[in-house]
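A closer look at the structure
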Amino acid sequence: FVLIKGSGQAGHWFVYDTTRGINAGNDPFGKWNSSAAYNDGVTNGEDRIDSYTSGFTVSGSDTNHNTLNDTYIYLAIA
């Protein structure tokens, strides 16, 4: 389970979990501050995070979770 948000942004609280799938490919995600359904990650080929036994990394091309000079808040539970 990973919850992540840019602290300096008015953006979304993104949530990822292993039930929907976190892998090296398309990552389904939800937005806790939105009434929209979970995004399956497949539509736009969204590889936003990758999990490892020692933690996770964010994709270098994802501007929702990897913007230069921004600070992020996250909660990760293994």
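Take the layout of surface pockets next. Taken as a whole, the largest pocket encloses approximately 200 Å³ of empty space. Along the wall of the largest pocket there are 13 residues; nearest its centre are Ser-51, Tyr-52, Gly-55, Ile-77 and Ala-78. Of all elements in the fold, only β4 (49-52) and β5 (55-58) reach the threshold of two or more residues within the lining of the largest pocket. Looking at the lining of the largest pocket, its residues break down into 8 nonpolar, 5 polar and no charged.

Our focus in this paragraph is the confidence of the model for the chain. Scored by pLDDT, the chain has a mean of 76; 74% of the residues are at 70 or more. Mean pLDDT across the elements of the chain bottoms out in β4 (79) and peaks in strand β6 (residues 72-76) (88).

Right, let's get into the packing of aromatic side chains. Considering all chains together, one arrives at 3 aromatic pairs under this definition. Seen from their ring centres, Tyr-16 and Phe-29 are 6.1 Å apart, and the 50 degrees between their planes marks the pair as tilted. Here Phe-29 lies in the loop between β2 (14-16) and β3 (30-31) and Tyr-16 lies in strand β2, a separation of 13 residues in the sequence. Note on accessibility: Tyr-16 and Phe-29 belong to one class, buried.

In this section: the pairing of strand β1 (residues 2-6). By the criterion of burial, β1 is predominantly enclosed, with 5 of the 5 residues buried. The two faces of β1 match: Val-2, Ile-4 and Gly-6 on one face and Leu-3 and Lys-5 on the other face are all buried. As judged from the 5 bridges shared by β1 and β6, these two strands associate in the antiparallel manner. Its bridge partner being in β6, Ile-4 is matched across the sheet by Tyr-74.

Here the focus is the sheet that holds β3. A sheet is described by the order of its strands in space; here 4 strands give the open sequence β3-β2-β1-β6, paired in antiparallel fashion. Sheet topology places β3 and β6 at the edges, where each strand pairs with a single neighbour.

Core analysis: the largest hydrophobic core is formed by 7 residues, namely Val-2, Ile-4, Phe-14, Tyr-16, Ile-22, Phe-29 and Ile-49. Listed by contribution, the elements that provide at least two residues to this core are β1 and β2. In this view, Tyr-16 contacts Phe-1, Val-2, Ile-4, Ile-22, Asp-27, Pro-28, Phe-29, Arg-48, Ile-49 and His-65; residues no more than four positions away in its chain are not counted.

Conventions used here
Sequence positions are assigned chain by chain, starting from 1 and proceeding in written order. Totals for whole chains, interfaces and linings use all residues, but because this is a predicted model, local features are given only for residues with pLDDT of at least 70 and pairs of side-chain atoms are given and counted only at 80 or more. Excluding hydrogens and water, the side-chain figures rest on all heavy atoms present in the structure. Residues are said to line a cavity or pocket when one of their atoms sits within 4 Å of a point; the points come from a 1 Å grid over protein atoms alone, cavities being sets where a 1.4 Å probe fits but cannot get out and pockets being open sets with protein on both sides within 12 Å along at least five of seven lines. Grid points are joined across faces, edges and corners, and a volume is the space filled by probe spheres set on the points. Numbered from the N terminus, helices here are DSSP runs of H or I no shorter than four residues, and strands are runs of E no shorter than two. In this classification, the charged set is Asp, Glu, Lys and Arg, the nonpolar set is Ala, Val, Leu, Ile, Met, Phe, Trp, Tyr, Cys and Pro, and all remaining amino acids, among them Gly, are polar. pLDDT measures the predictor's confidence residue by residue and takes values from 0 up to 100. The criterion for an aromatic pair is that two Phe, Tyr or Trp rings (for Trp, the six-membered ring) have centres within 6.5 Å, with stacked assigned to planes under 30 degrees apart, edge-to-face to planes over 60 apart and tilted to the rest. Think of it in three bands: with a 1.4 Å probe and only protein chains considered, a residue is buried below 20% of the maximum accessible area for its type, exposed above 50%, and partly exposed in between. If DSSP finds at least two bridges between two strands, the strands pair. Remark: nonpolar core denotes a set of buried residues (Ala, Val, Leu, Ile, Met, Phe, Trp, Tyr, Cys) joined through side-chain atoms within 4.5 Å. Note on contacts: a residue pair is in contact if any heavy atoms of the two residues lie within 4.5 Å.

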